[in-house]
Amino acid sequence: MAKRQARFTAQELADDPRLRDHSSALWREELGDVQRGLLTSAVRCFAANGFHATTTRDIAEGVGLSPAALYVHFPSKELVLFEIVRTGHERVLTHLQDPSVLSAGGDGSADRLRAVIAAYTSWHARHHVAARVCQLELAGLAAGHYEEILELRHQTNAFFRDAIARGAADGSFAQVDVKRVTRAMLSLSIDLVRWYRLDGSDSPEELGEFYAGLALKMVAR
């Protein structure tokens, strides 16, 4: 979602169809309703206005609270961002590692790669607002928190590299540059957070299958 000089108000964000997704279902179950509401409000604020331009008042107003109420649940705005980014990265990695995802469609290397690309793409489409924050607001994290997220990103990259290397090794795929192809596939699936809308022409699942087909063409013999 393009930024503009005038910041979006809480009411504008709540009513904007471009900011509707399933991110509110991501938060940890042990968090209270107020904390979960604050995270959902923060996702919209950070996605629309950016982390640095968002104030604690913006986040609190999104759930009808005073600015001071946020500090009862999160000691700083940076910790709100960290909770969002960490949750997003953990959730998508766990989703990819789910046996039901890995076995979808068959046991071959091409089947596995198709399944994980489709799952990764559809997850980012389904949670595109939170995913936008996870990908584009990393500069707002404290150094230690950034390092923790970087490790999660390394794990995700390794997961995809292994899937591609497996196919190259057993002859299912061409002998491609695994590192470069992995980066291209991940970039393809992630970049949709800049423009995707749930009310658009493609459902998350349809987009996932389409991108999976493109990914297999990158490694075709």
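The following refers to the structure shown. (Residues numbered from 1 in each chain as written. Predicted model: local features only at pLDDT ≥ 70, side-chain atom pairs only at ≥ 80, totals over all residues. Heavy atoms only, no water.)

## Here's the deal with the side chain of Gln-35
Filter applied, for reference: Where helices and strands are cited, they refer to DSSP runs of H or I of at least four residues and of E of at least two residues respectively, numbered from the N terminus. Under this definition, polar contacts are N or O atom pairs within 3.5 Å; protein pairs additionally need one hydrogen-donor-capable and one acceptor-capable atom, and for neighbouring residues in sequence, both atoms have to be side-chain atoms. Note on contacts: a residue pair qualifies if any of its non-hydrogen atoms lie within 4.5 Å across the two residues.
With respect to the helices and strands, Gln-35 occurs in helix H2 (residues 33-49). Among the polar contacts listed, one links the side chain of Gln-35 to the backbone nitrogen of Gly-32, at a separation of 2.9 Å. With residues up to four places along the chain from it excluded, the contact list for Gln-35 reads His-73 and Phe-74.

## Overview of the pattern of salt bridges
The condition is simple: The term salt bridge refers to a side-chain nitrogen of Lys or Arg lying within 4 Å of a carboxyl oxygen of Asp or Glu. Between buried and exposed lies partly exposed: a residue is buried under 20% and exposed over 50% of the maximum accessible area for its type, with that area taken using a 1.4 Å probe on protein chains only.
By the definition in use, this model includes nine salt bridges. Residue Arg-28 is joined to Glu-83 by a salt bridge in which the shortest nitrogen-to-oxygen separation is 2.9 Å. You can see Arg-28 sitting in the loop between helix H1 (10-15) and H2 and its partner Glu-83 sitting in helix H5 (residues 77-97), a full 55 residues away along the chain. Residue Glu-83 is classed as buried on the basis of its relative accessible area, which comes to 6%.

## Side note on the packing of H2 against H5
Heads up, the condition is: Note on definitions: angles span 0 to 180 degrees between N-to-C directions of axes, and those axes are lines fitted to C-alpha atoms, for helices only across the stretch in contact. In these notes the angle categories are as follows: under 35 degrees is roughly parallel, over 145 is roughly antiparallel, 65 to 115 is roughly perpendicular, and the rest is oblique. Under the convention adopted here, Pro, Cys and the residues Ala, Val, Leu, Ile, Met, Phe, Trp and Tyr are nonpolar, Asp, Glu, Lys and Arg are charged, and Gly plus all remaining residues are polar.
The N-to-C vectors of H2 and H5 enclose an angle of 95°; their axes lie 10 Å apart at closest approach. Taken together, the axis directions place H2 and H5 in an arrangement best described as roughly perpendicular. For the pair H2 and H5, the contacting residues are Leu-39, Ala-42, Val-43 and Phe-46 in the first and Lys-77, Val-80, Leu-81, Glu-83 and Ile-84 in the second. Of the residues in the contact of H2 with H5, the class split is seven nonpolar, no polar and two charged.

## Thoughts on the packing of helix H7 (residues 109-126) against helix H10 (residues 178-191)
At a minimum axis separation of 8 Å, H7 and H10 run at an interaxial angle of 30°. Between H7 and H10, the angle falls in the class roughly parallel. Taking contact as the criterion, the partners of Leu-113, Ile-117, Tyr-120, Thr-121 and His-124 in H7 are, on H10, Met-185, Leu-186, Ser-189 and Ile-190. Classifying every residue of the contact of H7 with H10 by side-chain character gives six nonpolar, three polar and no charged.

## What about the environment of Arg-221?
Within the secondary structure, Arg-221 sits in the segment after helix H11 (204-218). Residues Arg-221 and Phe-173 lie 48 residues apart in sequence; the distance between their C-alpha atoms is 5.5 Å. Those residues in contact with Arg-221 that lie beyond four places of it in its chain are Gly-171, Ser-172, Phe-173 and Ala-174.

## Concerning the packing of aromatic side chains
The relation between two aromatic rings is expressed through the spacing of the ring centres and the mutual angle of the planes. For clarity, the cut-off: Any Phe, Tyr or Trp ring, taking Trp's six-membered ring, that has another such ring centre within 6.5 Å forms a pair; planes under 30 degrees apart are called stacked, those over 60 apart edge-to-face, and the others tilted. A ring has a charge above it when a Lys NZ or an Arg CZ is no more than 6 Å from the ring centre and no more than 35 degrees off the ring normal.
Evaluated as defined, the whole model comprises five aromatic pairs. When the ring of Phe-210 is compared with that of Tyr-211, the centres are 6.0 Å apart and the planes differ by 50°; the resulting orientation is tilted. Put simply, the rings of Tyr-120, Phe-159 and Phe-160 touch in pairs and so form one group of aromatic residues. Directly above the ring of Phe-51 sits Lys-77, whose terminal nitrogen or CZ lies 4.3 Å from the centroid.

## Overview of the environment of Pro-67
For Pro-67, the location among the structural elements is in helix H4 (residues 67-73). Accessibility expressed as a relative area gives 22% for Pro-67, which makes it partly exposed. Separated by 61 residues in the primary sequence, Pro-67 and His-128 place their C-alpha atoms 26 Å from one another. Discounting residues that sit within four places of it in the chain, Pro-67 has contacts with Thr-56, Arg-57 and Ala-60.

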